[in-house]
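The primary structure of each chain is shown beneath.
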2 protein chains.
Amino acid sequence: MTGGVAVVGAGLIGTSVGLALRQRGVTVHLSDRDRSAAACAAALGAGVDTAPGTPPELVVAAVPPDQVAQVVADSLQRWPLAVVTDVASVKMQPLRQLRARRIDLRRYVGSHPMAGSERSGAAAARAGLFADRPWAVTPHPYSTAAALAVVEHLVELCGAEAVRITPAEHDRAVAVVSHAPYLQAVLTAARLNRLPANEAALAGPALRDITRVAVSDPAMWAQILAANAEPVARVLADIWRDLDDLISSLAIEDAALRTTTLERLLAQGVAGTERIPPHRSG
Amino acid sequence: MTGGVAVVGAGLIGTSVGLALRQRGVTVHLSDRDRSAAACAAALGAGVDTAPGTPPELVVAAVPPDQVAQVVADSLQRWPLAVVTDVASVKMQPLRQLRARRIDLRRYVGSHPMAGSERSGAAAARAGLFADRPWAVTPHPYSTAAALAVVEHLVELCGAEAVRITPAEHDRAVAVVSHAPYLQAVLTAARLNRLPANEAALAGPALRDITRVAVSDPAMWAQILAANAEPVARVLADIWRDLDDLISSLAIEDAALRTTTLERLLAQGVAGTERIPPHRSG
């Protein structure tokens with residue numbers, strides 16, 4: 001990445017990208033609508049908060065989903081040779097918005113690092129955030145192989161594992177592995193609001209594990225969910241149907257039939273966990 | 001506990017109780033319907049697998065929920081001076097079953113350590129399993145203060161934190177903090193079964209945290225859920241209603257209204273997590 005990288009957006013992900021690239025000796029220019037955020041990220045060592053003097057090789061749009069299309073379009077226009085990627089949690093919506101602008105998208109390839117934190121902002125960033133994590137790279141029919149290679153190089157420099165996948169597959173996948181699980185954590189945690197304190201005292205580490213992600217910023221999540229509404233609603237409808245089955249099973253009077261029915265439903269959970277790829281690092 | 005403790009049931013919990021008590025120098029006699037399980041627990045250092053020569057001070061029924069009443073009743077009859085407790089995940093069902101037998105329950109006080117493992121059996125046991133964990137102690141209208149004191153002494157010897165609570169409160173609480181969360185993990189994991197492998201590759205640590213408990217034994221859980229069916233069904237009905245709200249919110253066309261509605265639902269999750277007591281140990 002000898003031409004350097006411009007990171008637009010100095011939040012958790014943008015700053016962590018900057019930190020990871022700086023560790024590999026890559027020149028990083030940071031910018032943010034909020035200048036103090038860019039200054040903070042620069043102070044943490046994620047790059048410099050000045051505009052690039054020469055055209056960057058790659059622009060990383062690390063902004064919330066609903067700003068991605070604008071930042072990508074601006075960057076493609078401003079740097080006519082640079083490859084542009086984004087790191088948003090949804091991939092179809094920005095692509096649709098960019099297509100609607102009827103601009104040349106050959107140098108744009110979306111991506112999405114499967115890493116984050118319950119905390120947000122530059123202060124929560126770290127160079128190792130992406131180490132050994134999957135990082136979706138989502139070429140589309142108009143993107144070039146050269147642009148794809150640059151984005152996959154970024155992934156490699158950040159220590160992550162590139163997973164090449166279409167934007168539609170990506171959105172369906174994250175609805176299942178990320179968005180619906182977050183909502184399940186929220187729904188589980190919400191039940192505690194009406195529990196007396198002496199009863200809440202029985203909560204243990206399993207509940208803490210399950211609800212950890214529910215502390216994340218509702219404003220950020222509302223935007224992600226709205227941007228991936230259809231795939232998420234489809235997963236929630238499946239959960240809703242299973243939940244209905246569970247409630248009915250609990251009401252079965254015949255003890256043997258109830259046990260068989262419950263065990264069959266619960267075994268689907270065991271099978272599901274076996275599909276989760278094992279930890280890549282310790 | 002100078003009179004010694006008889007542990008009936010050499011599974012994960014029974015063996016861990018034995019190990020914890022042995023560390024404090026308490027005499028422990030282990031038994032199990034499966035003699036090789038008791039022998040295994042004894043070999044691990046959880047006590048001796050012979051019948052007590054002198055009456056024990058306390059009997060711990062560490063058997064599955066549907067065997068608790070039988071083991072408690074037998075123990076009360078066999079040792080006319082011993083206090084008897086159980087460690088099952090539900091407290092109303094065994095108490096109802098014991099009351100139906102019209103026996104003297106003054107020496108019985110139920111309890112439930114809020115600790116466990118996805119693995120089961122003596123081999124997964126450890127002396128520190130209960131360290132700094134809540135351990136519900138559930139006296140009922142017929143139990144004596146002396147029996148309660150003996151059970152609370154057991155909790156203390158195991159290094160846990162006694163939480164005194166009624167059997168009904170206990171069952172309502174575990175439906176919220178344990179049983180429904182387990183089911184949410186199952187429903188979340190079950191969604192992975194129909195996901196292509198390249199999409200499942202995007203799963204990260206948040207999904208792993210949320211679904212960890214879903215690998216637990218369906219047969220054991222079917223029994224726990226059936227024994228606490230009503231409180232669990234009530235919590236699931238609440239989740240079902242919230243899920244319905246979420247699906248409707250995602251379909252709202254007005255972007256600002258959709259965001260406000262989603263954020264309000266998601267904020268309930270943040271508030272819920274604040275009710276979880278902090279870690280007592282590291």
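Above: the structure in question.
The rules behind each value
- Residues numbered from 1 in each chain as written.
- Chains lettered and ligands numbered in written order.
- Predicted model: local features only at pLDDT ≥ 70, side-chain atom pairs only at ≥ 80, totals over all residues.
- Heavy atoms only, no water.
- Helix = DSSP H or I, 4+ residues; strand = E, 2+ residues; numbered from the N terminus.
- Buried < 20%, exposed > 50% of the residue type's maximum accessible area, 1.4 Å probe, protein only.
- Contact = heavy atoms within 4.5 Å.
- Areas by Shrake-Rupley, 256 points an atom, 1.4 Å probe, with all protein chains shown as cover.
- Lys, Arg positive; Asp, Glu negative; His and termini not counted.
- Charge placed at Lys NZ, Arg CZ, Asp CG, Glu CD.
- Phe/Tyr/Trp six-rings, centres within 6.5 Å; stacked < 30°, edge-to-face > 60°.
- Least-squares fit on C-alpha atoms with pLDDT ≥ 70 in both.
- Pairing = 2+ DSSP bridges.
- Right-handed = clockwise from strand over helix to strand, strands pointing away.
- Buried area = accessible area lost by both parts, 1.4 Å probe.
- Salt bridge = Lys/Arg side-chain N within 4 Å of Asp/Glu carboxyl O.
- Nonpolar A, V, L, I, M, F, W, Y, C, P; charged D, E, K, R; others polar.
- Axes fitted to C-alpha atoms, helices over the stretch in contact; angles between N-to-C directions.

Undergrad: Looking at this structure, how should I read the overall build of chain A?
TA: Assigned secondary structure in chain A consists of 11 helices and 7 strands. If one aligns the C-alpha atoms of chain A with their principal axes, the spans along those axes are about 75 × 40 × 30 Å. Residue burial in chain A is summarised as follows: out of 282 residues, 56% are buried. Pairs at least 24 apart in sequence give 71% of the contacts found in chain A among residues at least 6 apart. Accessible surface for chain A amounts to roughly 11,600 Å². Of this, 52% is attributable to carbon and sulfur atoms. Of the side-chain charges in chain A, 27 are positive and 27 negative, and the distance between the mean point of each set is 5 Å.

Undergrad: What is the right way to read the packing of aromatic side chains from this model?
TA: Here the distance between the centres and the angle between the planes together describe a pair of aromatic rings. All names here are of chain A. Per the stated rule, a full pass over the model turns up 5 aromatic pairs over all chains. Judged by centre distance (3.9 Å) and plane angle (10°), the ring pair of Tyr182 and Trp221 falls under stacked. One end of the pair, Tyr182, is in helix H6 (residues 167-190); the other, Trp221, is in helix H9 (residues 218-227), and 39 residues separate them in sequence.

Undergrad: So what exactly am I meant to see when it comes to the relation of the copies chain A and chain B here?
TA: Look at the two chain copies: a rotation about an axis and a shift along it is all it takes to match them. Superposition of chain A onto chain B requires a rotation of 180° combined with a translation of 0.0 Å along the rotation axis, giving an RMSD of 0.0 Å. As the rotation angle and translation indicate, the two copies are arranged about a two-fold axis. Considering only C-alpha atoms, the part of chain A nearest the rotation axis is Ile210(A), at 2.1 Å. A share of 100% of interface residues in chain A that are also interface residues in chain B marks the association as one of identical surfaces.

Undergrad: Explain the pairing of strand E3 (residues 58-61) of chain B to me, please; I cannot follow it from the model alone.
TA: Residues and elements named next belong to chain B. With burial as the criterion, each face of E3 is covered, one bearing Leu58 and Val60 and the other bearing Val59 and Ala61. The sheet contact formed by strand E1 (residues 5-8) and E3 spans 4 bridges and is parallel. For Val7, the partnering residue across the bridge sits in E3 and is Val60. Taken together, the 4 bridges between E3 and strand E4 (residues 83-86) define a ladder with parallel strand orientation. Note that in E4 the partner of Ala61 across the bridge is Asp86. On the question of chirality, the crossover connecting E3 to the parallel E4 by way of helix H3 (residues 65-78) is right-handed.

Undergrad: What should I look at first to understand the interface of chain A and chain B in this one?
TA: Accessible area lost on assembly of the parts is the figure often given for the size of an interface. Taken together, the contact between chain A and chain B spans 88 residues of the former and 88 residues of the latter. Carbon and sulfur atoms make up 69% of the surface buried where chain A meets chain B, a total of about 8,100 Å² over both sides. Across the contact surface, chain A and chain B share 8 salt bridges. Of the charged contacts, one joins Asp209(B) and Arg212(A) as a salt bridge, the two residues approaching to 2.6 Å between their closest N and O atoms. Residue assignment for the side of chain A that touches chain B shows that the elements contributing at least two residues are strand E6 (134-138), H6, helix H7 (197-200), helix H8 (205-211), H9, helix H10 (229-250) and helix H11 (255-273) of chain A. The leading source of residues in the side of chain A that touches chain B is H6(A), at 17 residues. Grouping the amino acids of the side of chain A that touches chain B by side-chain chemistry returns 58 nonpolar, 13 polar and 17 charged.

Undergrad: What am I meant to see in the sheet that holds strand E7 (residues 161-164) of chain A here?
TA: The strands making up a sheet associate through hydrogen bonds between their backbones, and the pairing can be parallel or antiparallel. Residue and element names in this part refer to chain A. As summarised here, the arrangement of the 3 strands in space is E5-E6-E7, forming an open sheet in which the pairing is mixed. Edge positions in the sheet fall to strand E5 (110-113) and E7, since each has one partner strand and no second. On average, adjacent strands in this sheet sit at an angle of 25° to one another, irrespective of strand direction. Two elements, E5 and E6, share 4 bridges in a ladder whose sense is antiparallel. Across the sheet, residue Pro113 finds its bridge partner in E6, namely Trp135.

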